[in-house]
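Chain by chain, the residues:
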Amino acid sequence: MRPFRFLAPIGDGLPDARALVAEARRAEEIGIDVLIRSDHLLEQYAPLPVLATVAAATERIRVGTFVLNVDLRHPAVLAQELASLDVLSGGRLEIGMGAGWNEPEYDAVGIPYDRLPTRVQRLTEAVAVLKGCFADGPFTLAGEHFRITGHDGYPKPVQRPHPPLFLGGGGRRSLTLAAREADIIGLAPRPGDPRSMTAAATEEKIGWVREAAGDRFDALEFNAYPSGGPVVVTNDARSAGAERAQRLGLTVEELLESPHVFIGSVDGLAEKCRELRERFGITSIMLDDPEAAAAVIEKLR
């Protein structure tokens, strides 16, 4: 059975460098496996400088993007930055990429917000560019969105053939791409569709991945994160989840069963992690409360 790997966000709230390093070292101490940073043109740090700072101040913990918006950077330029970070971290990078979703960010800086099929196609080509840059020797790609001619990307990453690639989504189109190209599959709810965070919807998504992945399926790692609201440690999960369930239009049972909701005692949260692994094969779990994560990790390990 695949072991658990726990992820935690790093750098929320624009901490100074000293606080950022202390946060990272504390995460490493309690057993977090991967520190992640999101990618938005909002009030936050850019992800790659944060991850470089964290990697320089730690020894074991891995660093990852969760996730890079492909529309904000040319993938060949991004490949050089990512490979550099993988080399400088000693091979501790994980690459999460996505097609972008926050339309107001696009509007604010004048980037066209294309329809989802176009954005997913652009992500597909960007993944091909990254893999081409990471591979040995020059490559050429004649795509609809990117054209590469005889380019040999440098540096080459430490992790071969490339750092673990994280792709995901809530719809069949995105998950089919992830199944074919990624190492880690992020199971996400569809924006504006609370029912897509239920256990039944998760089983359907895994079915899509299984169909598209073919022989790759058994090698894939599945991730879940608390997109249904922050982690809550409580001895009365039903009461704590009642208002959230009503707001989302779910029953309390559906809410608490969701892979995207973590409400309960430390023992209950540890048991939920076990159930996610046994029922869905989910072993990569992001928890946004460091102390809760520390307690759950202690229970499980």
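For the structure, see preceding data.
Residues numbered from 1 in each chain as written. Predicted model: local features only at pLDDT ≥ 70, side-chain atom pairs only at ≥ 80, totals over all residues. Heavy atoms only, no water.

## Section: the packing of helix α3 (residues 75-88) against helix α5 (residues 116-134)
Each pair of packed helices can be summarised by the angle the axes make with each other and by the distance between the axes. The criterion, for reference: Lines are fitted to the C-alpha atoms to define the axes, a helix being fitted only along its stretch in contact, and any angle between axes, read from their N-to-C directions, falls within 0 to 180 degrees. The helix and strand labels rest on DSSP assignments: H or I over at least four residues marks a helix, E over at least two residues marks a strand, and numbering proceeds from the N terminus. Any angle that is under 35 degrees is reported as roughly parallel, and any over 145 degrees as roughly antiparallel; angles of 65 to 115 degrees are reported as roughly perpendicular and all others as oblique. In this scheme, a crossing is called left-handed if the near helix is turned counterclockwise away from the far one by less than a right angle; it is called right-handed if the turn is clockwise. Two residues qualify as a contact provided that any one of their heavy atoms is within 4.5 Å of a heavy atom in the partner residue.
α5 packs onto α3 with a crossing angle of 50° between their chain directions and a minimal axis gap of 9 Å. Viewed along their axes, α3 and α5 adopt a mutual orientation that is oblique. In the packing of α3 onto α5, the handedness of the crossing is right-handed. Residues Pro75, Ala76, Leu78, Ala79, Leu82 and Ala83 of α3 touch α5, and the partners they reach there are Ala126, Val129, Leu130, Cys133 and Phe134.

## Looking at the pairing of strand β3 (residues 62-65)
Consecutive residues of a regular strand have side chains that alternate between opposite faces of the sheet. In plain terms, the rule: Using a 1.4 Å probe on the protein chains alone, a residue whose accessible area is under 20% of its type maximum counts as buried, one over 50% counts as exposed, and one in between counts as partly exposed. Between any two strands, at least two bridges found by DSSP are needed for them to pair. Note on handedness: a clockwise path from strand one over the helix to strand two, with the strands aimed away from the viewer, defines a right-handed crossover.
Burial of the side chains of β3 extends over both faces: Arg62 and Gly64 are buried on one face and Val63 and Thr65 on the other. Here strand β2 (residues 34-37) pairs with β3 via four bridges, running parallel. Opposite Arg37, over in β3, you have Thr65 as the bridge partner. Remark: the β2/helix α2 (residues 47-57)/β3 crossover connection has right-handed handedness. One ladder, built from two bridges, connects β3 with strand β5 (residues 93-98); its direction is parallel. For Gly64, the partnering residue across the bridge sits in β5 and is Glu94.

## A closer look at the packing of α2 against α3
Quick note on the threshold: The residue classification treats Ala, Val, Leu, Ile, Met, Phe, Trp, Tyr, Cys and Pro as nonpolar and Asp, Glu, Lys and Arg as charged. All others, Gly included, are polar.
At a minimum axis distance of 11 Å, the contact between α2 and α3 shows a crossing angle of 10°. Taken as axis vectors, α2 and α3 run roughly parallel relative to one another. You can see that α2 and α3 cross each other, and the crossing is left-handed. Here Leu48, Leu51 and Ala52 of α2 come into contact with α3, specifically with Leu78, Glu81, Leu82 and Leu85. Taken together, the residues of the contact of α2 with α3 break down into six nonpolar, no polar and one charged.

## Quick look at helix α6 (residues 172-181)
Among all positions in α6, only Ser174, Leu175, Thr176, Leu177, Ala178 and Ala179 are buried. The inward-facing, buried residues of α6 contact α5, β8 (165-169), β9 (184-187) and α7 (199-213).

## Considering the pattern of salt bridges
Side-chain pairing between opposite charges can occur once the charged atoms of the two side chains come close. Counted only if it meets this: We define a salt bridge as a contact between a side-chain nitrogen of Lys or Arg and a carboxyl oxygen of Asp or Glu at a distance within 4 Å.
The tally for this structure, following the rule as stated, stands at 22 salt bridges. The shortest N-O distance in the salt bridge between Glu203 and Arg279 comes to 3.1 Å. You can see Glu203 sitting in helix α7 and its partner Arg279 sitting in helix α10 (residues 266-280), a full 76 residues away along the chain. For Arg279, a relative accessible area of 42% corresponds to the partly exposed category. Through salt bridges with shared partners, one network takes in Arg5, Arg62, Glu94 and Glu221.

## A look at unusual backbone geometry
For the peptide bond that leads from Phe66 to Val67, omega is -10°, which places it in the cis range. Within the element layout of this structure, Val67 appears in the loop between β3 and β4 (68-69). Cis rather than trans, the peptide bond between Arg160 and Pro161 has omega equal to 0°. By secondary structure assignment, the location of Pro161 is in the loop between β7 (147-151) and β8. One non-glycine residue, Leu14, adopts positive backbone phi at about 55°. Examined against the element boundaries, Leu14 turns out to sit in the loop between β1 (5-9) and α1 (17-30).

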